[in-house]
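Okay, here's what each chain looks like letter by letter:
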Amino acid sequence: MSAIDYGVGRAVAVLGLALVSAPHARAQLTDLTQAPNAERAGIAKSLDEQIGAGSGGWLVPDSSHYLIARDPARAIRRGRQLFQRKFTRVQGLGPRAHDGMGDVATEAAIGAGFADSCAGCHGRPRGAAGFGGDVATRPDSRDAPHLFGLGVQEMLADEITQDLRAIRERAIAEARSGRRAVTQPLHSKGISYGVLRVSALGRVDTSGVEGVDSDLRVRPFFAQGAVASIREFVVGALNDEMGLQAVDSLLTAAAQGRRVISPAGRVFDGSRDPVRAPLARSASQDPDDDGVVNEVPAALVDYLEFYLLNYFRPATYRQTPLTHAGRRLMKTLGCTDCHVPNLVIEHDRRVADVETRYAPQEGGMNRLYATVSPRIVEEDDRSGHPTIKWPAGGRFVVRDFYADLKRHDLGPRFHERQYDGTIARQFMTEPLWGVGSSAPYGHDGRSINLREVILRHGGEARAARNAFAALPEGAQLAVLEFLGSLVLFPPDDTASNLDPGDPATPGYPQRGHGSIRLGVLFNDPNEPE
């Protein structure tokens with residue numbers, strides 16, 4: 001196995017990027033085989049063609065395992081098109097969970113929204129895996145968050161989990177060998193998760209654990225911190241929001257206590273973590289009785305997981321003396337006690353990273369410019385097939401993340417009514433990247449702007465909130481200006497080192513020039529838009 005040349009030209013060749021002009025993608029896409037049009041706007045492949053050879057394997061062309069391993073660019077492109085695809089009833093779309101009837105207090109999915117596309121809830125800015133949906137899974141509603149940087153969040157949470165559990169195992173061993181009680185601080189990546197106490201007999205007391213479940217598994221997804229992995233999130237959302245049941249043998253096996261690894265490299269160990277099994281345990285089952293079986297084969301789950309693992313991080317817009325002052329004030333006020341700016345991934349499973357920043361000279365629309373950096377090593381397995389492109393797996397500093405992957409109580413103005421009459425008080429710290437372009441704010445979308453959501457804070461954040469409120473107007477504006485510079489972006493309209501485009505071209509960038517290409521998604525002849 002040898003490291004590849006990381007020059008842009010070589011990277012483009014290895015990732016199989018044919019940089020040709022293509023129609024712009026939208027938040028949702030129709031299927032050209034079902035809805036042809038003169039503009040040829042939509043997905044060229046039918047759903048059956050996207051399923052291809054199924055999950056297959058590394059030696060089965062056009063299978064998900066084959067493409068993820070040997071042509072990751074094409075696999076991500078297919079994942080994006082599936083994310084944007086408008087599914088039909090013939091393909092199994094609907095009905096809503098339990099057709100919207102039943103005890104919503106015990107089955108929150110009954111109150112979920114109903115969409116025909118993933119992008120129906122996650123589609124702003126245009127063409128992005130962004131925000132935009134609202135559901136009634138709680139009495140006061142929930143807003144759908146953006147999915148930028150989702151893979152980074154999953155990896156950070158998984159590594160923190162491993163660190164905390166390693167501390168627990170060492171504490172147990174120390175207590176038993178020394179025949180004495182042990183109290184061990186729980187720290188990972190500079191974040192405190194409280195303390196763990198172990199008796200001389202090895203009994204574990206988790207009453208001092210903070211911000212994470214007693215099993216020490218960090219679950220970064222959903223406001224309450226309920227789901228640990230992208231794959232579980234995808235399978236659950238397909239069912240709850242779209243009435244599509246995935247047939248996923250990997251999650252089914254993990255739910256039975258087995259250890260499995262997805263094509264995206266995520267380890268599921270059912271002996272250590274509970275995994276919710278998909279409703280359809282086999283391709284012949286029809287859990288929602290709509291007459292359609294095998295609605296979402298595992299190959300499609302593979303592509304969606306891999307796409308979201310590698311999805312872009314948010315961008316950083318124009319930085320000025322005012323934004324720099326705001327960044328410093330975030331620390332002074334105590335905001336960064338929970339909104340931790342930068343964290344480190346020790347083993348990056350992505351195949352590329354995209355750094356997107358304000359660059360008025362190179363940038364096109366929104367004056368943003370993306371730099372794509374492949375993160376792969378290449379191996380010739382002498383099979384006669386294209387080389388395997390492994391994730392390089394190196395260290396990666398996640399900048400401007402602004403979260404601590406913990407639950408906190410932010411006071412009664414953030415508390416949430418549940419359908420069973422109880423009140424939820426603790427929620428995950430929301431990463432601030434992308435906050436400048438994702439209003440309204442709060443898990444319920446009740447705060448209309450950044451100033452109001454800051455002033456809404458209480459509980460554990462009351463001191464920081466009060467410190468902000470006490471600032472003179474100019475200093476408050478500096479904080480707000482900085483937060484406003486942490487933005488999402490429309491990938492199809494963002495210039496990059498793969499395709500800078502020419503602003504002098506008529507119609508630029510609407511004619512496909514100046515596109516991020518990793519966002520228009522690896523447009524090549526084998527996977528046309």
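A brief structural summary. Every value quoted in this text rests on a predicted model; they were computed, and no experiment measured them.

### What to know about the overall build of the chain
Secondary structure summary: the chain contains 12 helices and 25 strands in total. For the chain, buried positions account for 56% of its 529 residues.

### Some thoughts on the side chain of Asp-444
Relative to the helices and strands, Asp-444 is located in the loop between β23 (426-428) and α10 (450-456). One polar contact links the side chain of Asp-444 to the main-chain amide nitrogen of Arg-446, over a distance of 3.3 Å. Ignoring sequence-local partners within four residues, the contact set of Asp-444 consists of Asp-140, Ser-141, Arg-142, Asp-143 and Arg-456.

### Digging into the packing of aromatic side chains
Following the criterion strictly, the structure yields 12 aromatic pairs and no others. Ring centres 5.7 Å apart and planes at 45° place the aromatic pair Phe-312 and Phe-489 in the tilted group. Of the two residues, Phe-312 sits in the loop between α8 (298-309) and β13 (315-316) while Phe-489 sits in the loop between β24 (486-487) and β25 (495-496), which places them 177 residues apart along the sequence. A relative accessible area of 4% places Phe-312 in the buried class. Considering the side-chain rings of Tyr-402 and Phe-482, the 5.7 Å spacing of their centres and the 65° angle between planes classify their relative orientation as edge-to-face. Taken together, the positions of Tyr-402 in the loop between β19 (396-398) and β20 (407-409) and Phe-482 in helix α12 (residues 473-484) put the pair 80 residues apart, joining distant regions of the chain. One aromatic cluster is present, formed by Phe-83, Phe-148, Tyr-307, Tyr-311, Phe-312 and Phe-489 through successive ring pairs. One Lys or Arg, Arg-456, reaches over the ring of Phe-414 and ends 4.2 Å from the middle of that ring.

### Describing the pattern of salt bridges
Within this structure, the stated rule accounts for 35 salt bridges. Linking Arg-219 and Asp-213 is a salt bridge whose minimum nitrogen-to-oxygen distance equals 2.8 Å. For Arg-219, a relative accessible area of 11% corresponds to the buried category. Relative accessible area serves as the criterion here: at 25%, Asp-213 is assigned to the partly exposed category. Close ionic contact of Asp-215 with Arg-219 constitutes a salt bridge, the shortest N to O distance being 2.9 Å. Given the relative accessible area of 21%, Asp-215 is considered partly exposed.

### Focus: the environment of Pro-360
Of note, Pro-360 is situated in the loop between β15 (352-358) and β16 (368-374). A sequence separation of 42 residues divides Pro-360 from Arg-318, and the C-alpha atoms of the two residues are 8.9 Å apart.

### A word on the nonpolar core
The biggest cluster of nonpolar side chains holds 85 residues, and the ones touching the most others in it are Phe-83, Leu-308 and Leu-405. No other element matches the nine residues that α8 contributes to this core. Ignoring any residue separated from it by four or fewer positions in sequence, one finds Leu-405 in contact with Gln-153, Leu-156, Ala-157, Ile-160, Tyr-193, Gly-211, Val-218, Pro-220, Leu-343 and Met-428. In this structure, Leu-333, Tyr-402, Phe-414 and Leu-450 belong to the second largest nonpolar core, which totals 21 residues.

Calculation rules
- Residues numbered from 1 in each chain as written.
- Predicted model: local features only at pLDDT ≥ 70, side-chain atom pairs only at ≥ 80, totals over all residues.
- Heavy atoms only, no water.
- Helix = DSSP H or I, 4+ residues; strand = E, 2+ residues; numbered from the N terminus.
- Buried < 20%, exposed > 50% of the residue type's maximum accessible area, 1.4 Å probe, protein only.
- Polar contact = N/O pair within 3.5 Å; in protein donor to acceptor, adjacent residues only side chain to side chain.
- Contact = heavy atoms within 4.5 Å.
- Phe/Tyr/Trp six-rings, centres within 6.5 Å; stacked < 30°, edge-to-face > 60°.
- Lys NZ or Arg CZ within 6 Å of the ring centre and 35° of its normal.
- Salt bridge = Lys/Arg side-chain N within 4 Å of Asp/Glu carboxyl O.
- Core = buried A, V, L, I, M, F, W, Y, C linked by side-chain atoms within 4.5 Å.

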